[in-house]
Each structure stands twice: as C-alpha cells, then as structure tokens.
Amino acid sequence: MRGRVGAVNSIFIGSSNELGGFESGATARLFGPVASVVGGGIGTILVVLTVATAWPSVRKLGSLQDLGKSSKMEIEEDEPALVNGS
C-alpha cells in the first residue's frame with residue numbers, strides 16, 4: 001500500500017509543478033513578465049492578509065518546528081506511559 005500512496009503523491013506533486021509553470025508562463029505571456037511578478041506578489045500579500053483576518057488563531061501558530069515540539073509534549077503528557085511495550 002505504501003508504494004501506491006507514494007506513486008499517487010508523486011503524480012500530484014509532479015502535475016502541480018507542471019500546472020504552476022504553465023500558469024506562470026501564460027500569465028507572463030498575457031501581461032508581461034514584470035506585471036505578472038508584481039501581480040503575483042500583490043496576490044500573495046492579499047491571501048496572507050485575508051487568512052490572517054478570517055482565522056486569527058493562525059497568527060499565533062509560530063513556526064512548524066515549534067508546533068511539532070509542542071504537539072509531542074502534549075501527547076506525552078496526555079498519554080500514560082507504556083510498561084514493557086504494552
């Protein structure tokens with residue numbers, strides 16, 4: 001099962017890269033390279049501001065490394081210790 005999941009993941013990652021490249025090229029062809037880069041930057045800033053406004057709790061998350069450490073600590077505190085692997 002692991003090989004099939006990896007294959008599907010690979011297909012989605014590979015196709016998303018190709019679609020992103022096509023979209024970037026089409027946008028640059030229609031609006032010019034400078035306008036497409038500036039428009040992409042403005043769009044990115046608008047998405048970040050929208051997410052920060054719609055979901056304020058996202059602003060408090062911090063880095064993913066810190067999130068992983070705090071999640072592991074919460075799990076260790078909540079679960080009882082295993083004795084002899086049982």
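Residues numbered from 1 in each chain as written. Predicted model: local features only at pLDDT ≥ 70, side-chain atom pairs only at ≥ 80, totals over all residues. Heavy atoms only, no water.

Colleague: When you look at the overall build of the protein chain in this model, what are you seeing that I'm missing?
Modeller: Scanning the protein chain from N- to C-terminus turns up 3 helices and 0 strands. For the protein chain, the N- to C-terminal ordering of α and β elements is α-α-α. Residues counted as buried form 3% of the 86 residues belonging to the protein chain. For the protein chain, the exposed area adds up to about 7,800 Å²; of that, 66% sits on carbon and sulfur atoms. (Helix = DSSP H or I, 4+ residues; strand = E, 2+ residues; numbered from the N terminus. Buried < 20%, exposed > 50% of the residue type's maximum accessible area, 1.4 Å probe, protein only. Areas by Shrake-Rupley, 256 points an atom, 1.4 Å probe, with all protein chains shown as cover.)

Colleague: Got a minute to help me understand a nonpolar patch on the surface in this structure?
Modeller: Nonpolar side chains collect at one region of the surface, where V34, V38, I42 and L46 lie side by side and expose about 380 Å² of accessible area between them. As for its position among the elements, I42 is in helix α2 (residues 33-54). (Patch = residues over 30% accessible without salt bridge, like charges linked within 9 Å, V, L, I, M, F, W, Y side chains within 5 Å. Salt bridge = Lys/Arg side-chain N within 4 Å of Asp/Glu carboxyl O.)

Colleague: What am I meant to see in helix α1 (residues 2-31) here?
Modeller: Helical geometry note: an α-helix holds 3.6 residues per turn, so side chains three or four residues apart project in the same direction. Between the first and last C-alpha of α1 there are 43 Å, a value that for 30 residues agrees with the 44 Å anticipated at 1.5 Å per step. Just beyond α1, the residue with positive phi is G32, at close to 95 degrees. (Expected span 1.5 Å × (residues − 1).)

Colleague: I would appreciate a short explanation of the confidence of the model for the protein chain in the present structure.
Modeller: Interpreting fine coordinate detail is not advised for predicted regions of low pLDDT. Mean pLDDT over the protein chain: 82, with 76% of residues reaching 70 or higher. At the level of individual helices and strands, the protein chain shows its lowest average pLDDT in helix α3 (residues 64-78), which scores 60, and its highest in α2, which scores 95. (pLDDT = per-residue confidence, 0-100.)

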